[in-house]
Amino acid sequence: MGIIIDKNTRAIVQGITGAQGSFHTKLMLEYGTKIVAGVTPGKGKTQIHDVPVYDTVEEAKEKHSANASIIFVPAPFAADSALEALEGGIKTIVIITEHIPIKDAINVMACAKQVNATIIGPNTPGIITPRESKLGIMPAHIFKLGNIGMISRSGTLTYEIAAGLTRKNLGQSTCLGLGGDPITGLNFVDTLKMFKQDPQTKAVVLIGEIGGNLEELAAEYIANEKYPKPVAAFIAGRSAPPGKRMGHAGAIVMGKAGTAESKIEKFKSAGVEVAEKPNDVPELLMKFVSN
Amino acid sequence: MKLFEYEAKNILENHGIPTSRGMLATSPSQAKEVASKLKPPFVVKAQVLVAGRGKAGGILFADSIEQAEKEAEKLLTMQIKGIPVKSVWIEEKIQIKKELYFGITTDRFNQSYVAIASAVGGMEIEEIATEAPEKIIRFPINPQHGFHSFHARQMAIKMGYSGNQLSDLGRIFERLYCVCMDYDAELIEMNPLAETVEGKFVAADARIILDDNALFRHQEYKKRLLEGESELTPQEVEATKNDLAYVKLDGDIGVIGNGAGLVMATLDTIQYYGGKPANFLDVGGGAPAEKIAIALKIVFSDPKVKAIFINILGGITRCDEVARGILEARAKIGATKPMVIRLVGTNEDEGKRILTEAGVHVLESMEEAAQRVVEISRHGGK
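Fair warning: this is a prediction, and the values are worked out from it, not measured in the lab.

A.B. asks: Can you break down the overall build of chain A residue by residue, with the values?
C.D. replies: Of regular secondary structure, chain A possesses nine helices and 14 strands. A compact globule built from 291 residues would reach a C-alpha radius of gyration of about 19 Å, and chain A, at 18 Å, matches this within 12%. Over its C-alpha atoms, taken along the principal directions, chain A stretches across nearly 55 × 45 × 30 Å. For chain A, the residues scored as buried account for 59% of the 291 residues in total. Across chain A, contacts joining residues at least 24 apart in sequence account for 72% of those joining residues at least 6 apart.

Structure follows, in structure tokens:
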């Protein structure tokens, strides 16, 4: 179980012949992900790691019944690749690429909404359902099958916390990165809804950061819905000054909006346990999930 | 990337949005010269990229050309929030009846742009939101339909306008949306948008922030950001050129890590243990040794830094590459400042071996390392 991807997911890799695309295709295959084809315009009829490469998504999808795509295409061309996947009828798309312009991302999300497709990212480490499938760039060995759902706006910070959970024998159902950009496909609320339906998930960890109000909206949703599963959170950026962009394009405090304090306060009043430091997260969950 | 007021106003003017007539000057004599081409009274405005310029004394008024020259001289010799004023914008003072607000920014939850208007303007939009939330009109823009005159007129009606003024405002708002799209702005504001005593509308101040990720479509601004005047410190310029994300902070502990979230959490953990971070520096994923060395050089170049914390969690970043980068930097610039290194993940053992053999101690826990570096910053180590 878990959400969005499982052992039946049949994925194509867009940008499979690039350095990142090729390297991570190999790692995803080793993990057991069904990578059925790759797409790089102009490199059709070749192969990489025994995966056939096509010029278009349409051809790759038709020949291999693909139902997901992971995109490694450079930022100026990534939106074009995502639109190609959407028009080709792919319903789950993971966009790893960082630095996609906001205007392009907004356009992609609008098209995805029209055809009811799920977009993860951009600027995401991807998604992993342990022992079933990995569509992403995360180091696989730090994850372990279990009952905790993880949703994050960060990459390495997710690894830090996932590794901490795994050390305490707290495995995961699905871990996914929403992406560090201001405009992303899925948000915390969408993903919380999915974890609510997933019988394997017993508790959820939210890893947020400064900027925007997606954490605040998640807190409102949890409070209003009386969310049936325990939720713990960590928010990065307590020490961040206003008006400065902290690495992620989306991590910026504008005036009084988007501060860590605002998010932490909202979470606490919604009954969400908030960790002071990344390594405090496992402690908070121990009491909810017995092995 | 923030644009100067004069750049923003020139863009607006070129797109048919009325702005107050004005010109740029970089010296008092030039101020006199441009003022003589304009009609008094004048407003003399410091061109700096920090917010709160008005309150800091960066906006002065002059009734004559001579006075404009004097006020320009005052501004050109002052600093606003530590930033020296290098140019002033001199414009004709308009007779304002009412100050409005109109801007466009992104709406993360709706995954769209959103137009925001208010019949109360002249202060920060967040302040308006706190003091008169009922006055704020938000219109999420459907990306597939865009933002047209009729949308704009609907907003103007809600602001209380009618007749010819309705069409005037409609045109201005629609044009501002076109500027937002053409220039890949992530924020564009006319604040205040002034209603003059004659009932006309003029952008009295304009603010544009371009999307850094779209600068490849706007090379002239990218060039200005890297080579010309910008809000970046020397370290920030060096980092931008090398594709590193660096932000200067106030403290004395230099920080380098991989991944924005992890680096932010590292700063927070340092602060938790009572230390003060000197910077944010994310080397990104898969950084080779040379990039680590450049990162160290940048952090070392900040004179306030007393100790450095390197926090690496290797996923696609390889610990052995990081270790080699650290030694390379140390050999080039000398190990003048103490370093605390936490290194885990891909090729961890090799990374540790390289550093340990060179006499550099490596820690495994982020918390332990944070405590250690805070201690060193306080007592100078040992």
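Still to come is the rest of the account.
A.B. asks: Tell me about the domain arrangement of chain B, residues and numbers included.
C.D. replies: As assigned here, chain B comprises domain 1 (21–92), domain 2 (96–217) and domain 3 (234–379). For domain 2 of chain B and domain 3 of chain B, the distance between their C-alpha centroids amounts to 43 Å.

A.B. asks: Tell me what's going on with the packing of helix α9 (residues 260–272) of chain B against helix α13 (residues 366–379) of chain B, and back it up with residues and numbers.
C.D. replies: Residue and element names in this part refer to chain B. Contact geometry of α9 with α13 gives a least axis separation of 9 Å together with a crossing angle of 55°. Judged on the interaxial angle alone, α13 and α9 are oblique. Handedness of the α9/α13 crossing: right-handed. Of the residues in α13, those touching α9 at T266, T269 and I270 are M366, E367, A370, V373 and V374.

A.B. asks: Which residues make up the interface of chain B and chain A, and what values do they have?
C.D. replies: Residue-level contacts link 43 residues of chain B with 49 residues of chain A. Looking at the side of chain B that touches chain A, the elements that each hand over two or more residues are β8 (112–118), β13 (245–248), α9, β15 (279–282) and α13 of chain B. For the side of chain B that touches chain A, the residue count by class is 21 nonpolar, 13 polar and nine charged.

A.B. asks: Go over the nonpolar core with me, naming the residues and quoting the values.
C.D. replies: Nonpolar side chains in soluble globular proteins tend to be buried together. Ranked by internal contacts, the top residues of the largest apolar core, which has 201 residues, are A:I71, A:V205, B:L176, B:L281, B:A295, B:F309 and B:V373. Once residues lying within four places of it in the same chain are set aside, the contact partners of B:L281 are B:L244, B:Y246, B:V255, B:I256, B:V263, B:A295, B:I298 and B:V299.

A.B. asks: Help me get a handle on the environment of B:E198, residues and values and all.
C.D. replies: Mapped onto the secondary structure, B:E198 falls in the loop between β10 (185–196) and β11 (201–203). The spatial distance from the C-alpha of B:E198 to the C-alpha of B:Y273 is 60 Å, given a sequence separation of 75 residues.

A.B. asks: Which residues make up the pairing of strand β6 (residues 88–92) of chain B, and what values go with them?
C.D. replies: Residues and elements named next belong to chain B. When you tally the buried positions in β6, you get four out of five residues, the bulk of the element. In this structure, strand β1 (residues 22–25) lies alongside β6, joined through four bridges in antiparallel fashion. Residue G22 lies in a different strand from β6, and its bridge partner there is E91. Of the strand pairs in this sheet, strand β2 (residues 42–46) and β6 are connected by five bridges, and their pairing is antiparallel. By the bridge assignment for β6, V44 is matched with I90.

A.B. asks: Describe the domain arrangement of chain A, listing the residues and the values that go with them.
C.D. replies: All names here are of chain A. Structurally, chain A comprises domain 1 (10–120) and domain 2 (138–286). Computed over C-alpha atoms only, the centres of domain 1 and domain 2 are separated by 26 Å. Every element with two or more residues in the side of domain 1 that touches domain 2 is listed here: α4 (102–114) and β7 (118–120). Residue composition of the side of domain 1 that touches domain 2, by class: nine nonpolar, one polar and no charged.

A.B. asks: Can you tell me about the sheet that holds strand β6 (residues 92–95) of chain A, naming the residues and giving the values?
C.D. replies: Residue and element names in this part refer to chain A. Read from one edge to the other, the open sheet built from seven strands follows the order β3-β4-β2-β1-β5-β6-β7, with strand pairing classed as mixed. Single-partner strands in this sheet number two, and they are β3 (47–48) and β7. One ladder, built from four bridges, connects strand β5 (residues 68–71) with β6; its direction is parallel. Each bridged residue has a counterpart across the sheet, and for A68 the counterpart in β6 is T92. Strands β1 (10–14), β2 (34–39) and β4 (51–54) of the sheet are contacted by helix α2 (residues 57–64), whose axis makes an angle of about 150° with β2.

A.B. asks: Which residues make up the sheet that holds β2(B), and what values go with them?
C.D. replies: Residues and elements named next belong to chain B. Strand order in the open sheet formed by four strands is β1-β6-β2-β3, with antiparallel pairing between adjacent strands. A strand with exactly one partner marks an edge of an open sheet, and here the two such strands are β1 and β3 (59–62). Taking each pair of neighbouring strands and ignoring which way they run, the sheet shows an average axis angle of 25°.

A.B. asks: Requested: an account of the confidence of the model for chain B, with residues and values cited.
C.D. replies: For chain B, the average pLDDT comes to 91, and 98% of its residues sit at 70 or higher. Listed scores for the predicted complex are pTM 0.90 and ipTM 0.88.

A.B. asks: So what's going on with the packing of helix α10 (residues 289–300) of chain B against helix α11 (residues 319–333) of chain B? Which residues, and what values?
C.D. replies: Residue and element names in this part refer to chain B. For the pair α10 and α11, interaxial distance at closest approach is 7 Å and the crossing angle is 50°. When the interaxial angle is binned, α10 and α11 end up oblique. α10 and α11 meet at a crossing whose hand is right-handed. Taken together, the residues of α11 that come into contact with α10 (itself represented by A289, E290, K291, I292, A293, L296, K297 and F300) are E321, V322, R324, G325, I326, E328, A329, K332 and I333. Classifying every residue of the contact of α10 with α11 gives nine nonpolar, one polar and seven charged.

Reading guide: rules and limits
Residues numbered from 1 in each chain as written. Chains lettered and ligands numbered in written order. Predicted model: local features only at pLDDT ≥ 70, side-chain atom pairs only at ≥ 80, totals over all residues. Helix = DSSP H or I, 4+ residues; strand = E, 2+ residues; numbered from the N terminus. Rg over C-alpha atoms; globule rule 2.2 N^0.38 Å. Buried ≥ 20, exposed ≤ 12 C-beta atoms within 10 Å, placed from the backbone. Contact = placed C-beta atoms within 7 Å. Domains from an automatic or database assignment. Axes fitted to C-alpha atoms, helices over the stretch in contact; angles between N-to-C directions. Parallel < 35°, antiparallel > 145°, perpendicular 65-115°, else oblique. Left-handed = near helix turned anticlockwise from the far one by under 90°. Nonpolar A, V, L, I, M, F, W, Y, C, P; charged D, E, K, R; others polar. Core = buried A, V, L, I, M, F, W, Y, C linked by C-beta atoms within 7 Å. Pairing = 2+ DSSP bridges. pLDDT = per-residue confidence, 0-100.

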